[in-house]
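# Tertiary structure, described
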Amino acid sequence: MTLNVNTLRPLSGTGRKLYIETYGCQMNVGDTEIVVSLMQREGYVYTERAEDADVVLINTCSIRDNAEQRIWGRLAEMRSLRKRRPGLVVGILGCMAERLREKLLEGASGVDVVAGPDAYRDLPRLVREAEAGGRGVNVLLSTEETYAEIAPVRLDRNGVSAFVAIMRGCNNYCSYCVVPYTRGRERSRDAATIVAEAQSLFDNGYREVTLLGQNVNSYRTGEVDFPELLRRVAEISPLLRVRFATSHPKDMSDRLLDTMASMPNICRSIHLPAQSGATTMLERMNRKYTREWYLGRIAAIRRWMPDCSITTDLIAGFSGETEEEHAQTLSLMREVGYDFAYMFKYSERPGTFAQRHLADDVPEEVKSRRLQEIIALQNELGLASYRRDVGREFEVLVEGESKRDARQLSGRTSQNKVVVFDRGSHRIGEYVRVRITGCTAATLFGEAIE
Ligand code: 5AD
Ligand code: SF4
């Protein structure tokens, strides 16, 4: 099986022009690349400017209310663009399309196409309907769609690292989370197409793939589970780095850690969302593990890979959160010593278990204060983690020029920390051994050794 790397068709005067904007998670970035691929087949050419487009698509996120508010704002801007460009087709894709179909089509929203995450093969037809003066709507969720054989068009174009979706949907129903409702049931993509996509990326000069899913640890197709899939991708070449996201702590197996430890090109970096440090809270969140179980998994990671970085997601102020529960989140953070964290204030989402059965009862100012405490602590922990690296040596995969200074290159360690160093004769896509000489809380600085 081959799955060629799909490249952007150059802009020519003929095809209709498509512009896409992407919000939210890496899955959405991957979905956008699939949409561009599907639309290119239909003759559309991609443009980077909404002002030039005949079709504007917005790939949306519903995870928190502020994500949705930003998109409503963007839609208002599209309505004014349409005044200047009559005939412009505006489409909403992704989680908001799924969640808010009716509202999006109401009155003068200016939306012509609404397509949910499993309806992208239908997009060309939906756009044609809109062009004919109608409205194109498809928000059917599927139990099978994985877009397995579609070669995404890589829009990032650093040509070094790429995301590869290995599964879609989520069955976990964490009580605060809207994803199982917007992205549907969990399903795994055929392993051969994943390996073929990674192989073709490698053959085209890419040196890093990140395997993506809401819960990669529950990947399974036939005989292939996640550790086996990871091994098959990592065996493509010792020069191909392999990362993955996201792991659910309840399914993080010893077999996975064993596979990681046995292959140096599987990166020493695990994103393990804790959400909270209190067992009572984890129960209300329906996370299906306890604080002790979580810490047991952290201990196992450290046993197998002492140099592995650990990052997390945390939510402040979920339903009924007491000061004691909040204090346990802070103590968990200290105990683990996270290298990095994504930290959020709880945002109630319509239709979730929490919205139906639990009160959003932590006052706004308490949520804010707790989030600030979490952020302040993580700043300390992050800085300590970067400082520990000063004086050490790392293999850095070069991804591009430094944004600040073109005489410097920027890349990442296996632990996923950004390193900036003097270019010398090194190039993008190369591995360079770098000794770390200094740091900030988010960047390491160093010098190439050879
Ligand atoms: N409110 C705040 N944060 C949330 N997340 C998911 N749902 C919500 C919500 N309703 C966070 C979780 C998850 C990350 C992707 O987003 O921490 O891991
Ligand atoms: Fe949401 Fe939980 Fe599924 Fe993650 S695992 S997408 S937080 S329901």
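Above this note sits the structure.
In short, a report on the structure. (Residues numbered from 1 in each chain as written. Chains lettered and ligands numbered in written order. Predicted model: local features only at pLDDT ≥ 70, side-chain atom pairs only at ≥ 80, totals over all residues. Heavy atoms only, no water.)

Residues that lie three or four places apart on an α-helix share one face, since the helix turns once every 3.6 residues. Here helix α14 (residues 364-388) contains 25 residues, and its C-alpha end-to-end distance of 36 Å stays within 8% of the 36 Å for a straight helix at 1.5 Å per residue. Along α14, the residues that are buried comprise V366, K367, R370, L371, I374, L377, Q378, L381, G382, S385 and Y386. (Helix = DSSP H or I, 4+ residues; strand = E, 2+ residues; numbered from the N terminus. Expected span 1.5 Å × (residues − 1). Buried < 20%, exposed > 50% of the residue type's maximum accessible area, 1.4 Å probe, protein only.)

A word on the site of ligand 1. By nearness alone, every residue bordering ligand 1 is listed as I63, R64, Y176, Q275, D313, I315, F344, K345, Y346, S347 and R349. Between ligand 1 and Q275 there is a distance of 2.6 Å, counted from an oxygen atom to a side-chain nitrogen or oxygen. Between ligand 1 and D313 there is a distance of 2.6 Å, counted from an oxygen atom to a side-chain nitrogen or oxygen. Look at ligand 1: alone it shows 410 Å² of surface, and the protein chains cover 86% of it. Residues belonging to the shell around ligand 1 are distributed by class as follows: five nonpolar, two polar and four charged. (Near = heavy atom within 4 Å. Polar contact = N/O pair within 3.5 Å; in protein donor to acceptor, adjacent residues only side chain to side chain. Areas by Shrake-Rupley, 256 points an atom, 1.4 Å probe, with all protein chains shown as cover. Nonpolar A, V, L, I, M, F, W, Y, C, P; charged D, E, K, R; others polar.)

Our next topic: the sheet that holds strand β5 (residues 113-115). If you trace the six strands from one edge of the open sheet to the other, you get β2-β1-β3-β4-β5-β6, paired in parallel fashion. The sheet terminates laterally at β2 (45-46) and β6 (136-138), the two strands that pair on one side only. As paired elements, strand β1 (residues 17-22) and strand β3 (residues 55-60) share five bridges and run parallel to each other. Residue pairing across strands places E21 opposite I58, the latter belonging to β3. Against the sheet, helix α1 (residues 26-41) touches β1, β2, β3 and β4 (89-94), its axis set at about 170° to β1. Sheet strands in contact with helix α2 (residues 65-84) are β1, β3 and β4, and its direction is about 175° off that of β3. (Pairing = 2+ DSSP bridges. Contact = heavy atoms within 4.5 Å. Axes fitted to C-alpha atoms, helices over the stretch in contact; angles between N-to-C directions.)

Note that every value here comes from positions in space, so none of it alone points to a role or purpose.
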